[in-house]
Amino acid sequence: MRVRVKLYSILRDSVGLGELEVELPRGSRVSDLLGILLSIDGFRRAYEAIGGSVVVMDEDGFRLEADSVVDSRVVHVMPPPAGGSEAYIEVGVLEGSAEVDLEALEARLSKAKPGGATAFFVGRVKEFNGGERVIGLYYEHAGDILEKVLRRIAWEQASKWSLGGIAIYHYVGWRSVGDKTIIVGVAGESRRSVFPALIETVERVKREAPIWKVEY
């Protein structure tokens, strides 16, 4: 079985590729996959540099343990966030009147790895755009992969900015003026990390998430 392996952060930079293909016999486990990857000099050096620990996820965004059978055609391999500890991650796709309790979310984000700062961005449908009155927006989306993309972005941002927690929620379907469209929250050590992480995460969702906006 041919498996596409996507690499992130120091692993990607050390190998010089963001993606490669490996041949795995059916029934192979994550430990077998890592054995193949460790035969690549750049991967081995990066693996040793981060303390011999990586996070492996399948194409649905679920974490795979060393003894897990690899039955996914795409596997994501990345360094663990924040010095080897896992970040708390929440992602979701919302519709209609669904709400997120921001106070409860802030508590969840901060609890996993207590830090010094938590920041939120809440986007809403604005009433005017370019001098014209807006009636509302309709967000079309690729339902089978949107949540996977949001989870991938969250993992990458948590790793890059050493976050203790990150959440990304995006609304789809019809949104009226004043309705929420996106909620992003990040928790980390200080404002020096959470502010740039928050801004970059919002911009990445706008660029990378399979969502298409029609403005009325």
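In this report, the structure presented in the accompanying data block is examined. Given the structure is predicted, the values throughout are model-derived calculations rather than measurements. (Residues numbered from 1 in each chain as written. Predicted model: local features only at pLDDT ≥ 70, side-chain atom pairs only at ≥ 80, totals over all residues. Heavy atoms only, no water.)

1. Focus: the overall build of the chain
Link 1 in the chain: When helices and strands are tallied, the chain shows 6 helices and 13 strands.
Link 2 in the chain: Summarising its shape, the C-alpha atoms of the chain cover approximately 60 × 40 × 30 Å along the three principal directions.
Link 3 in the chain: Within the chain, the proportion of its 216 residues that are buried is 45%.
Link 4 in the chain: Partitioning the intrachain contacts of the chain with sequence separation of at least 6 by distance along the chain shows that 70% fall at a separation of at least 24.
Link 5 in the chain: Accessible surface, the chain: about 11000 Å² in total, of which carbon and sulfur atoms supply 49%. (Helix = DSSP H or I, 4+ residues; strand = E, 2+ residues; numbered from the N terminus. Buried < 20%, exposed > 50% of the residue type's maximum accessible area, 1.4 Å probe, protein only. Contact = heavy atoms within 4.5 Å. Areas by Shrake-Rupley, 256 points an atom, 1.4 Å probe, with all protein chains shown as cover.)

2. With respect to the layout of surface pockets
Link 1 in the chain: Approximately 370 Å³ is the volume found for the largest pocket.
Link 2 in the chain: Along the wall of the largest pocket there are 18 residues; nearest its centre are Leu137, Tyr139, Thr181, Lys206 and Lys213.
Link 3 in the chain: Counting only elements with at least two residues in the lining of the largest pocket, the list comes to β7 (117-124), β10 (136-141), β12 (180-188), α6 (191-208) and β13 (211-215).
Link 4 in the chain: The class makeup of the residues in the lining of the largest pocket is 9 nonpolar, 4 polar and 5 charged.
Link 5 in the chain: As for the second largest pocket, its lining consists of 16 residues, of which Glu59, His76, Lys148, Val149 and Arg152 are closest to the centre.
Link 6 in the chain: When residues of the lining of the second largest pocket are traced back to their parent elements, those giving at least two are β1 (2-7), β3 (55-58), β5 (74-78) and α5 (146-161).
Link 7 in the chain: By residue number, the principal contributor to the lining of the second largest pocket is α5, which donates 5 residues. (1 Å grid on protein atoms, 1.4 Å probe; cavity = no way out; pocket = protein on both sides within 12 Å on 5 of 7 lines; lining within 4 Å. Points joined across faces, edges and corners; volume = space filled by probe spheres on them. Nonpolar A, V, L, I, M, F, W, Y, C, P; charged D, E, K, R; others polar.)

3. Let's talk about the side chain of threonine 181
Link 1 in the chain: Of note, threonine 181 is situated in strand β12.
Link 2 in the chain: Not counting the four nearest positions on each side in its chain, threonine 181 is found in contact with Gly123, Arg124, Val125, Leu137, Tyr139, Tyr169, His170 and Tyr171.

4. Structural notes on the pattern of salt bridges
Link 1 in the chain: Going through the model one piece at a time under the given rule, you end up with 15 salt bridges.
Link 2 in the chain: The partner of glutamate 21 in a salt bridge is arginine 2, and the shortest N-O contact between them spans 3.0 Å. In this pair, glutamate 21 is assigned in strand β2 (residues 19-23) and arginine 2 in strand β1, connecting sequence segments 19 residues apart.
Link 3 in the chain: According to the relative accessible area criterion, glutamate 21 is partly exposed, its value standing at 45%.
Link 4 in the chain: For lysine 148, the salt bridge identified is with aspartate 60, shortest N-O distance 2.9 Å. Here the residue lysine 148 occupies a position in helix α5, and aspartate 60 occupies one in the loop between β3 and β4 (63-64), the gap between them amounting to 88 residues.
Link 5 in the chain: Classification of lysine 148 as partly exposed rests on a relative accessible area of 30%.
Link 6 in the chain: Its relative accessible area of 37% is what places aspartate 60 among the partly exposed residues. (Salt bridge = Lys/Arg side-chain N within 4 Å of Asp/Glu carboxyl O.)

5. Considering a nonpolar patch on the surface
Link 1 in the chain: Residues Ile135, Tyr138, Trp174, Val214 and Tyr216 make up a contiguous nonpolar surface patch of about 530 Å² in total accessible area.
Link 2 in the chain: Mapped onto the elements, tyrosine 216 comes out in the segment after β13. (Patch = residues over 30% accessible without salt bridge, like charges linked within 9 Å, V, L, I, M, F, W, Y side chains within 5 Å.)

6. Comments concerning the packing of α5 against α6
Link 1 in the chain: It is the contact of α5 with α6, at a shortest axis distance of 10 Å, that shows an interaxial angle of 155°. Considering the angle they form, α5 stands roughly antiparallel to α6. Where α5 crosses over α6, the two elements pack in a sense that is right-handed. Along its contact with α5, which presents Val149, Leu150, Arg152, Ile153, Glu156, Gln157, Lys160 and Trp161, the element α6 presents Ser193, Pro196, Ala197, Glu200, Thr201, Arg204, Val205 and Glu208.
Link 2 in the chain: Among the residues making up the contact of α5 with α6, the classes are represented as 7 nonpolar, 3 polar and 6 charged. (Axes fitted to C-alpha atoms, helices over the stretch in contact; angles between N-to-C directions. Parallel < 35°, antiparallel > 145°, perpendicular 65-115°, else oblique. Left-handed = near helix turned anticlockwise from the far one by under 90°.)

7. As for unusual backbone geometry
Link 1 in the chain: Phi is positive for serine 9, close to 55°, though the residue is something other than glycine.
Link 2 in the chain: With respect to the helices, strands and loops of the structure, serine 9 is situated in helix α1 (residues 9-15).
Link 3 in the chain: Although it is not a glycine, serine 162 adopts a positive phi angle of roughly 50°.
Link 4 in the chain: Along the polypeptide, serine 162 turns up in the loop between α5 and β11 (165-176).
Link 5 in the chain: For serine 162, a relative accessible area of 36% puts it in the partly exposed group.

Bear in mind that shape data such as this cannot, by itself, settle questions of function.
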